[in-house]
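Remarks on the overall topology
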Number of protein chains: 4
Amino acid sequence: MKRRRPGSSPFTSPRKEKDHVEILSGVFEGKSTGAPITLWIPNLDHQSSSYDEVKEVIRVGHGNYSYLKKYGIFDYRGGGRASARETSVRVAAGAVAKQLLGDIDIQAQVVEVGGETSNFKAILEKVMEEGDSVGAIIECIIKNVPAGLGDPIYEKMEANLAKAMLSINACKGIEFGSGFSASKMRGSEHNDEMEDGEFLSNHHGGILAGISTGEDIVFRLPFKPTSSVKKPMKTLSTGGRSITYSPKLNTRHDPCVALRAPVIVEAMAALVIVDFLLLNNCSKFEKILL
Amino acid sequence: MKRRRPGSSPFTSPRKEKDHVEILSGVFEGKSTGAPITLWIPNLDHQSSSYDEVKEVIRVGHGNYSYLKKYGIFDYRGGGRASARETSVRVAAGAVAKQLLGDIDIQAQVVEVGGETSNFKAILEKVMEEGDSVGAIIECIIKNVPAGLGDPIYEKMEANLAKAMLSINACKGIEFGSGFSASKMRGSEHNDEMEDGEFLSNHHGGILAGISTGEDIVFRLPFKPTSSVKKPMKTLSTGGRSITYSPKLNTRHDPCVALRAPVIVEAMAALVIVDFLLLNNCSKFEKILL
Amino acid sequence: MKRRRPGSSPFTSPRKEKDHVEILSGVFEGKSTGAPITLWIPNLDHQSSSYDEVKEVIRVGHGNYSYLKKYGIFDYRGGGRASARETSVRVAAGAVAKQLLGDIDIQAQVVEVGGETSNFKAILEKVMEEGDSVGAIIECIIKNVPAGLGDPIYEKMEANLAKAMLSINACKGIEFGSGFSASKMRGSEHNDEMEDGEFLSNHHGGILAGISTGEDIVFRLPFKPTSSVKKPMKTLSTGGRSITYSPKLNTRHDPCVALRAPVIVEAMAALVIVDFLLLNNCSKFEKILL
Amino acid sequence: MKRRRPGSSPFTSPRKEKDHVEILSGVFEGKSTGAPITLWIPNLDHQSSSYDEVKEVIRVGHGNYSYLKKYGIFDYRGGGRASARETSVRVAAGAVAKQLLGDIDIQAQVVEVGGETSNFKAILEKVMEEGDSVGAIIECIIKNVPAGLGDPIYEKMEANLAKAMLSINACKGIEFGSGFSASKMRGSEHNDEMEDGEFLSNHHGGILAGISTGEDIVFRLPFKPTSSVKKPMKTLSTGGRSITYSPKLNTRHDPCVALRAPVIVEAMAALVIVDFLLLNNCSKFEKILL
């Protein structure tokens, strides 16, 4: 939980979201009982009043606009289900899922910020100075996935990972293995040859025809820049008027929302992999479940 | 169905898949009865014998390897559920879904082949000459989607479209709106400003926080090169020996599997959108369903 | 399939439903491949023309009325999805499920016809002479179910068996163990005491709190009399007129639809139990599934 | 909530379950926001210590035995998910569902206790004196259900109601319309004739072929006697020894658990009916949902 929490580096929002997880059910005397494990994360720092300023502003790039269109109600307090806070329960659930992964290892990290693949600190400082934000790319590698996980049509490994990842706020895409680069390659180059029972390359990203091959599962995710910036932007009032909105100078938000996302990516990946282990009745659970 | 079918251009496989669709149930005297509509597409041209040559070859880049690992059985006849033929039922089902879309318009097309954004014919001819294959990018644009479709957490619009698209053979990724480019942008640049009730740009690709905004939904999909090539490639026999396999010279396969895919992309998009219209109880159905 | 088929005793309808099952997919060289097994049962004897007589008659006690109200379309040919023929696919699917049950044994039989618990032949002959029909009770006993199958809230063993059984045509209820008699009993009488690790009685019917106890699972199902009788009955035309309808004298139908139902009950029970074995990751599958 | 709560009549348990419902999400300024409505009912009176006496006793007729077999863990505190308290959330959720029913009216009541159809007070007093318990029958009538609700095969109206009702603790069966009596009737008697567009009887209980007819939906449910009685009963210790257990004399439990169940039955019925209204895209929601 600590990795997701804002306020833990100079580049993340200083709001104090303590993210303290209480276990309301499912654990007794230190063991899971078989009952659903309910995790409860109260929002201790949330002050609806701090949102008064934006009570009638459709914030550019946020979900306010689409939520208003959908529900006909404008709940100006924080982002609700569109808030980055919603991801805290995913991280908590992912932590439980990780207990069931055995030697399957999931690692996600930011590999590119604003187009730069190294020395992110400089670009982040610059963006903060300008009151702006910046996008990034996260790469996730999953090692030791047994070959044979995934189903042929309806529950393909790439499909379910894609659904999970595209449900993370600000994530705007996904590519597996060579991904978009594969579109520029020849088949003879992209095909992963085998020798002595081993793959000689991993352009396929650990998945063929929706089913894991035993190679590392590799995917990359583009994250858009944080929508909240200090520059004035043209937008609408809830009443439909054209306005220009600039947030107060003392407000602070993450200049790069992706910095907090690796732990969320790992959590979602853990949930998908555990789901497949269960779905495919995989022996990793023999000692754990009935 | 004609658009998906191979043998309809010099760049698609000459196998005669007639793809004749029979309606087995659900329609009586020209109207749907409310019963499930069963579409049946017999494979008239399929000859298992033509696969004898590859009875013991794990074909590079195909699902054979992962299927063998999963099921412990090697069904060498065609690709089964991993075959491009599986997509014919998707196209047929999509055709039914399209009847329910009203003025929602879905158009997919190949926009890039082997890294080229125009004059694809030259590169395709070159690839065929070399007995090789090439990847491509398909772009899909959906117009007139009402604002408010999609659900906040579990059934987000991007998530469900991503799951649908990543279930298509050879598709290795997806990006919405600015997609991977968004990772290189500043927030002030990426945010879509509004004026007089209109968006001034569409970097968000028609979806904010999982819910449609009413703008065009735009996404792009990289397709890997066709795995079957005429060049010799190192692989395994089903018995585990290292071998080199070159297919017979007279075999022919698509040099670019993506050329047949736009109609499949459209079909899957139609199914996802209809699913959301139903899920969100949208009025487009008032006259159609009880 | 033979047990379900009509025309196999003097008390079942003489229509020739050959119920020949073709396996369209999922089996290759005598083994399941992991692909879905598609079973196809063409209706060889069906003659829509024989239904001309009832083209505008809402048949009393049939689904015609509710289907017309639901779909606004009157498909007078046979019963469609409300027909007893629909159950043939259940029997076929149940036959596959039974392969996975190991030593779990499911037996259903008619235990009461028209209120009589023995000598059913006399009452059936009388009913046929009168051109009438009669109801019955089927009892099902499932032996060797391992203790611990079933889930506490959403997928309780009784709940899922009840849903499966109440989906069978003409079945109008279900009771487990002592069932309706339990409503007349004292707790001290109904409680199943235990001695030396064994239950001394089985009023609970093999299920406590939604979860199997290892005792025989026992339930009983009332079936209503066949709706089609030769006596004139007051009803509606599809146009809304009050009419009296008597079927032609030479038409023949089952006088007691329950006589054919035990095999359907067994099939549905097999499907539910297999579903729970999978859901609870039960070891009976270790050798069968990945 | 008041109707379900124990301690509100001399015949229900005096435990103080305040059942105070807090709304944790989904409502803002008195209106639903579209977000899931989270209802939270803390258990204020629960004292695990009061269960010390039964720490090693498998209580006859309870879920302890099957839970122990399933999970291998003995959580002696109260009944957990097998407790009658679990139903409080169903009642709360049902209360929300009832807001969406329009003029559909659901009424459940106890119609028989210990085989008596009137003057229940005498039998209940006798049972309490004896330290015993007694079973009962609840009847539920749903008026004004539009014709056409329910699906032909997988989501039949009886099937889904049966699953919902059989998931209620202590409910051991269900019958629709004439139910078990139908098994004793002739078809000519059981068929509901129509005249002037009206049904002349309702043996079918408002449902034909899984779909509502517009008549009252009528079903009856047998409830077993409360398992907890003050008489000594033979059972097992968790260690597997044969023991005889008699609860302390001052313990009190409901002599007839069915007395509190009508409100639970109504809640579950409301949830099923709302589910069908949504599934069938029924116009009752036009003003409520998008």
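None of the values given here were measured: they were computed from a predicted structure.

**Structural notes on the overall build of chain A**
A count of helices and strands for chain A gives six helices and 14 strands. Split into buried and exposed, the 290 residues of chain A put 53% on the buried side. In chain A, 68% of the contacts between residues at least 6 apart in sequence involve partners at least 24 apart. Carbon together with sulfur atoms contributes 50% to the accessible area of chain A, which is approximately 12,300 Å² in total.

**Observations regarding the confidence of the model for chain A**
Chain-level statistics for chain A give a pLDDT mean of 85 and a share of 83% at 70 or above. Between residues 283-290 of chain A, whose pLDDT stays under 50, and residues either more than four places distant or in other chains, the model counts 19 contacts.

**Thoughts on the sheet that holds strand β6 (residues 136-143) of chain A**
Strand order in this open sheet of eight strands is β5(A)-β6(A)-β12(A)-β7(A)-β7(B)-β12(B)-β6(B)-β5(B), and the pairing throughout is antiparallel. Of all strands in the sheet, those with a lone pairing partner are β5 (105-113) of chain A together with β5 (105-113) of chain B, marking the two edges. The average undirected angle you get between the axes of adjacent strands in this sheet is 20 degrees. Across the sheet, helix α6 (residues 262-279) of chain A lies against β5, β6 and β12 (217-223) of chain A, angled at about 145 degrees from β5(A), the strand it touches most.

**Observations concerning the side chain of D:Glu86**
Structurally, D:Glu86 can be placed in the loop between α1 (64-71) and α2 (87-98). A polar atom in the side chain of D:Glu86 sits 3.0 Å from the side chain of D:Arg90. Once residues lying within four places of it in the same chain are set aside, the contact partners of D:Glu86 are C:Ile153 and D:Arg81.

**Thoughts on the pairing of β12(A)**
Residue and element names in this part refer to chain A. Most of β12 sits out of view: seven of its seven residues are buried. Side-chain alternation along β12 places Ile217, Phe219, Leu221 and Phe223 on one buried face and Val218, Arg220 and Pro222 on a second face that is also buried. Across seven bridges, the pairing between β6 and β12 is antiparallel. Within β12, the position partnered with isoleucine 137 by the bridge is proline 222. Inspection of the sheet shows strand β7 (residues 173-176) paired to β12 by two bridges, in the antiparallel sense. Pairing of phenylalanine 176 across the sheet is with phenylalanine 219, part of β12.

**Notes on the sheet that holds strand β5 (residues 105-113) of chain D**
One open sheet accounts for eight strands, arranged β5(C)-β6(C)-β12(C)-β7(C)-β7(D)-β12(D)-β6(D)-β5(D); its pairing is antiparallel. Of all the strands in the sheet, the pair left with one neighbour each is β5 (105-113) of chain C together with β5 of chain D. Averaged over all pairs of adjacent strands, the angle between their axes in this sheet comes to 20 degrees, without regard to strand direction.

**Topic: the interface of chain A and chain B**
Each side of the interface is counted separately: chain A has 93 residues, and chain B has 93 residues. When the buried surface of chain A facing chain B is broken down by residue, A:Lys172, A:Phe180 and A:Arg186 rank first, second and third, together holding 11% of it. In this structure, the connection of chain A to chain B is made through twelve salt bridges. A salt bridge links B:Lys184 to A:Glu112, with the shortest nitrogen-to-oxygen separation between them at 2.8 Å. Across the chain A-chain B interface, the total number found is 48 residue pairs in polar contact (both at pLDDT 80 or more). Per-element tally for the side of chain A that touches chain B: the top contributor is helix α1 (residues 64-71) of chain A, with six residues. Of the residues contributing to the side of chain A that touches chain B, the split by class is 38 nonpolar, 29 polar and 26 charged. In terms of strand pairing, β7(A) meets strand β7 (residues 173-176) of chain B through three bridges, oriented antiparallel. Counterpart to A:Gly173 in the pairing with β7(B) is B:Glu175.

**Things to note about the packing of helix α2 (residues 87-98) of chain A against α6(A)**
All names here are of chain A. Contact geometry for α2 and α6: axes closest at 8 Å, N-to-C directions at 50 degrees. In terms of orientation, α2 and α6 fall into the oblique class. In terms of crossing hand, the pair formed by α2 and α6 is left-handed. Here Thr87, Arg90, Val91, Ala93, Gly94, Ala97 and Lys98 of α2 come into contact with α6, specifically with Val263, Ile264, Glu266, Ala267, Met268, Ala270, Leu271 and Val274. Split into classes, the residues belonging to the contact of α2 with α6 amount to ten nonpolar, two polar and three charged.

**Remarks on the packing of helix α4 (residues 157-165) of chain D against helix α6 (residues 262-279) of chain D**
Residue and element names in this part refer to chain D. Viewed as axis vectors pointing N to C, α4 and α6 meet at an angle of 145 degrees, and their least axial separation amounts to 9 Å. Considering how the two elements wind past one another, α4 and α6 form a crossing that is right-handed. Across from Met157, Asn160, Leu161, Ala164 and Met165 in α4, the residues of α6 making contact are Val265, Met268, Ala269, Val272, Ile273 and Phe276. Tallied by class, residues from the contact of α4 with α6 come to ten nonpolar, one polar and no charged.

**Comments concerning helix α3 (residues 120-129) of chain B**
Residues and elements named next belong to chain B. For α3, the complete set of buried residues consists of Phe120, Ile123, Leu124 and Val127. Looking straight down α3, one finds its buried side chains confined to an arc of 100 degrees; they lie on one side. Opposite its buried face, α3 presents the exposed residues Lys121 and Glu129, each directed more than 90 degrees away. If you follow the buried residues of α3, they end up packed against β5. Directly beyond the C-terminal end of α3, a positive phi value near 65 degrees is found at glycine 131.

**Here's the deal with the pattern of salt bridges**
Evaluated as defined, the whole model comprises 60 salt bridges over all chains. A salt bridge links C:Glu130 to C:Lys126, with the shortest nitrogen-to-oxygen separation between them at 3.3 Å. Classification of C:Glu130 as partly exposed rests on a relative accessible area of 31%. One salt bridge in this structure joins D:Arg90 and D:Glu86, with 3.0 Å as the shortest N-O distance.

Reading the values: rules and limits
Numbers given to residues run from 1 along each chain, matching the order in which its sequence is written. Chains and ligands are labelled by the order in which they are written, letters from A for the one and numbers from 1 for the other. Residues qualify for local features only when their pLDDT is at least 70, as the model is predicted, and side-chain atom pairs are given and counted only at 80 or more; totals for whole chains, interfaces and linings, by contrast, use all residues. The side-chain figures draw on all heavy atoms in the structure; neither hydrogens nor water molecules are used. Numbering of helices and strands starts at the N terminus; helices are DSSP runs of H or I of at least 4 residues and strands are runs of E of at least 2. Working definition: with a 1.4 Å probe on protein chains only, accessible area under 20% of the residue-type maximum means buried, over 50% means exposed, and in between means partly exposed. Note on contacts: a residue pair is in contact if any heavy atoms of the two residues lie within 4.5 Å. Reported accessibility uses the Shrake-Rupley method at a 1.4 Å probe radius. Residues are deemed covered only where the shown protein chains occlude them. In predicted models, pLDDT denotes the confidence assigned by the predictor to each residue on a 0 to 100 scale. The pairing criterion for strands is at least two bridges between them, as found by DSSP. Angular values range over 0 to 180 degrees, each being the angle between N-to-C directions of two axes fitted as lines to C-alpha atoms, with helices fitted over their stretch in contact. Counted as a polar contact is a pair of N or O atoms within 3.5 Å, where, for protein atoms, one must be capable of donating a hydrogen and the other of accepting one, and residues adjacent in sequence contribute only when both atoms are in side chains. The quantity reported as buried area is the accessible area (1.4 Å probe) lost by two parts once they are put together, taken as the sum for both. Salt bridges are defined by distance alone: a side-chain nitrogen of Lys or Arg within 4 Å of a carboxyl oxygen of Asp or Glu. Residue polarity is assigned by list, with Asp, Glu, Lys and Arg as charged and Ala, Val, Leu, Ile, Met, Phe, Trp, Tyr, Cys and Pro as nonpolar; anything else, Gly included, falls into the polar class. An angle below 35 degrees is treated as roughly parallel, one above 145 as roughly antiparallel, one from 65 to 115 as roughly perpendicular, and anything else as oblique. The sense of a crossing depends on the near helix, which, turned anticlockwise from the far helix by less than a right angle, makes the crossing left-handed and, turned clockwise, makes it right-handed. Think of the arc as the fan of directions from the helix axis to the C-beta atoms.

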